Amino acid sequence: MQSIEQLVDIPAAGFPAWSPDGRQVAYLHDTPGVGWLLSCIDVATGEARIVSERPVIGSRPVWSPDGTMLAAVRGNAEGGSDIWLVPMDGSNEERKLAGGSFETRSPSISPDGRTVAFISGEAGALDVWIVVLSGGEPRQLTTNTNPLDEPRWTPRWSPDGEWIAHVSSRSGERNNDDLWLVSSDGNEHRQLTSGLMVNTDGHWSPDGRSLAVVGNTESEHWYGDDADIWHISAGEGPATRLTPAGGHSWRLEGAGLAWSPDGKTIYALSHRNGDRNITAVPGAGGVRTAVTNMTGTVTDFALSPDGQTLAFIHSSQTSPPELYLLPVDGGLPRRLTNCREAMADFVREPQRLPYRTFDGLYCDSYLYLPPDFDERERYPGLIQVHGGGTNSYGNGWHPVEQWLAHQGFVVMAVEYRGSSGYGREFAGLSYADWGGGQTVDAIEAGKWLVSQPYIAKIGIYGGSYGGYLTLHCIVVAPDLFDAAVDMYGKTNMRTAQQYADRVGRVFVARDYWGRLAPEIPEAMERASTYNQLDRIQTPLLILHGDRDPRVPPIESKQIAEKLSELGIEHEYVVYPGEGHGFRKREHRIDCYARILDWFKTHLSLVS
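(A) The arrangement of the sheet that holds strand β9 (residues 104-109) in detail. Across the sheet, which stays open at both edges, the 4 strands sit in the order β9-β10-β11-β12 with antiparallel pairing between neighbours. Strand pairing shows two members of the sheet lacking a second neighbour, β9 and β12 (139-140), which therefore form its edges. Bridging between β9 and strand β10 (residues 115-120) involves 4 bridges; their strand directions are antiparallel. The partner of R105 across the bridge, within β10, is I119.

If you want it as C-alpha cells, here you go:
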C-alpha cells in the first residue's frame, strides 16, 4: 500500500443475505474500479462467484422465496434508481422491475413470492409501493411517508404477508420516526409507536405478533450508536424496552436485528470500547450476552433460515471487511472471503493510547506509527478527528491512517467525548455543546502529540463532523496546528440546517433538545466557526462533493470565499457528482494525493 492506487483498490465484502435453503450466502463485493458487485458463495464448499458483472448500489440483496433470483438496486442515467431482478442460474436475463428518474430502492419480497414492496419517490415523497414480481404497474400504498431527503428505511412484510411494517416521520419533522403498519391492499394504516425515535426498520417476530426496533425516547439524547432494543406489539399495547437505559458496557447499534426462529432470542450489534460485536437478548427481556467477542468491528450480519448460523462482516485494524460464518451455539469464526490478500504485509496494529484531557477525564486514541519507527528520530504528526459526533472512530479497518503512517507520519486518531462505546455518561458530555469540550479534547491530543520528542510539526484532519471539529480546532488554537484538512465539514449552522437533508437536520436538533436552528440562535452562533474564520492562521485544504445532501456544499464554499477575502492560505476543491464522502475511484485518488502533498508541504516532510 505504498501507492495511492493500492490504498483505494483494496476490496471489501458487505451486506450478507442467506438463501432460503441456507446453502448459499449472497453478498456484495466492493471491486476496485468497478464498485459493488452482486456475489454469492456456497457455504459447504466455500466457492464464490460473481452473480452479475453490472455494479449495484450498496444495500442488502434480497432473495426470492424459491431461491431462483435476487433483487438489487442500481442507479440509472436519469438520475434516479431502479430495482432489478437477477437470476441465479447464470442466464444473465436480468429484468428491471421498477424505477425511473426518481429514487427507487429497498426491495422486500412477500413471503409467498408474488409481490415486491419497495420505497419510491415517484409521488413526491418516499412512500411504500408494491409491484407484482412477474411485472406490471407499481401501486402506491402510503402517502407522505417520509420526505425525499430521508435516506433510511426498508419496508418489511409480516410472516403471513398481510401487513408491511415501515418507519415514517409523517407526524412531525424533529421527534417523530414512528413505526407504522400498512395492510397489503393499502386500505388500513396503523401507527404503532409515538414519542420513540426509531433507528431501525421494524423486525417481525416469527409469530407475527410483535416487532423489534432499536431506538430512544424523544426525551433522551440521540446517542448515535447507543440506543436500546424495544419490543412493539403489532396490535394494541405500549412499547417495551428490552435493554436497560444507561447501560455503560454495551452499545446497541441500529445496523441489524434478527429474531431466532423460535422467537426466544433477538440478535443485535453492540459496541464496547472500540469493538463492535453480535450480542443476544432474550425476546422477552433479560440479560444481554455476547455471541461474538472479536477484536475489531462487526458491521452487519444475517441469521440463517434455520437459526443455526450467523453470516457476518468483520474488519480489524489489519484486515478489510471480510465475510465470516459462526455457529450460534458457539465455535470459531470461519472466514469465507479473502479481501486481505490484496493488502501489503506492512499493515499493523496501532497502539491504544488513552490520554488525559483538559478536565481530568481520559479520552481513548489510536496511535499509528511509521515503519521502523525510532523515538530518536523526528516525525510529522497528525491528529485525526472522526465524523458523526456521537459515533466513534472504532477499532476497525482504517486504511487511510495506515497509509499515512507508511508515508512517514505519526497519526493519532482521537475518541473525543461524545464518542460511542465508552458509556452514556461519556457520550452525554457532548450534549448541546458543539464546538465545546470535543474541540478541546482534540486540541489536548494535539498538545500531547507535539510535546513528544519524536514529533516535529503537527496537522489535523477529519471528514463531516470531523471536518467541523478541524475548523473549530484551528480557530480556537490557531498557533497549535501547522496544517489542516477539512473534508465536507460544517461552518455556518444556520445555512447547514437550512440546506441539509432530514437526517442532518434531526442530528443537530436532537443534540439541542429537539430544537431547530432558528429556535436557538445563540447556541447555533456558538457552534459556528463562520464568524471566527479571521482567527485562522493554519493553511487549510478544503474538500467537498457538489451533491452532498448531509453537509451542503455551501458550507465549504463559504469558508473558501471568506479565507480568500482575508488572504489566508487555503486550497478549495469540489468533486463533481460526489455526495457525503467520496466514492469514485479517481476522486479518492485525487483526494488522498492532495492530502499527502498538503501535509508534506506544510509539515516539512522531505519527499
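(B) Broad picture of the pattern of salt bridges. Here the structure, examined in full by the defined rule, presents 25 salt bridges. Here D82 makes a salt bridge to K96, at a shortest N to O gap of 3.7 Å. In this pair, D82 is assigned in strand β7 (residues 81-87) and K96 in strand β8 (residues 95-99), connecting sequence segments 14 residues apart. What makes D82 buried here is its relative accessible area of 5%.

(C) Quick peek at the environment of R417. Tracing the sequence through the fold places R417 in the loop between β34 (410-415) and α3 (424-428). A residue is classified by how much of its surface remains accessible, and R417, at 5% relative accessible area, is buried. Distance in space between the C-alpha atoms of R417 and T357 is 9.7 Å, their sequence separation being 60 residues.

(D) Inspection of the nonpolar core at higher detail. Grouped together as the largest cluster of nonpolar side chains are 50 residues, with contacts concentrated most on I383, M412 and W434. Sort the elements by how many residues they give to this core and helix α5 (residues 465-476) lands first, with 7 residues. Within the second largest apolar cluster, 32 residues are counted, among which are W403, M487, L541 and L603.

(E) Here's a closer look at empty space enclosed by the protein. Counting across every chain of the model gives 2 cavities of 30 Å³ or more. Its volume calculated, the largest cavity comes out at about 60 Å³. Lining the largest cavity, in full, are R105, I119, L126, T145, N146, R152, W153, T154, P155, H166 and V167. Classifying every residue of the lining of the largest cavity gives 5 nonpolar, 4 polar and 2 charged.

What counts, and where the lines are drawn
- Residues numbered from 1 in each chain as written.
- Predicted model: local features only at pLDDT ≥ 70, side-chain atom pairs only at ≥ 80, totals over all residues.
- Heavy atoms only, no water.
- Pairing = 2+ DSSP bridges.
- Helix = DSSP H or I, 4+ residues; strand = E, 2+ residues; numbered from the N terminus.
- Salt bridge = Lys/Arg side-chain N within 4 Å of Asp/Glu carboxyl O.
- Buried < 20%, exposed > 50% of the residue type's maximum accessible area, 1.4 Å probe, protein only.
- Core = buried A, V, L, I, M, F, W, Y, C linked by side-chain atoms within 4.5 Å.
- 1 Å grid on protein atoms, 1.4 Å probe; cavity = no way out; pocket = protein on both sides within 12 Å on 5 of 7 lines; lining within 4 Å.
- Points joined across faces, edges and corners; volume = space filled by probe spheres on them.
- Nonpolar A, V, L, I, M, F, W, Y, C, P; charged D, E, K, R; others polar.

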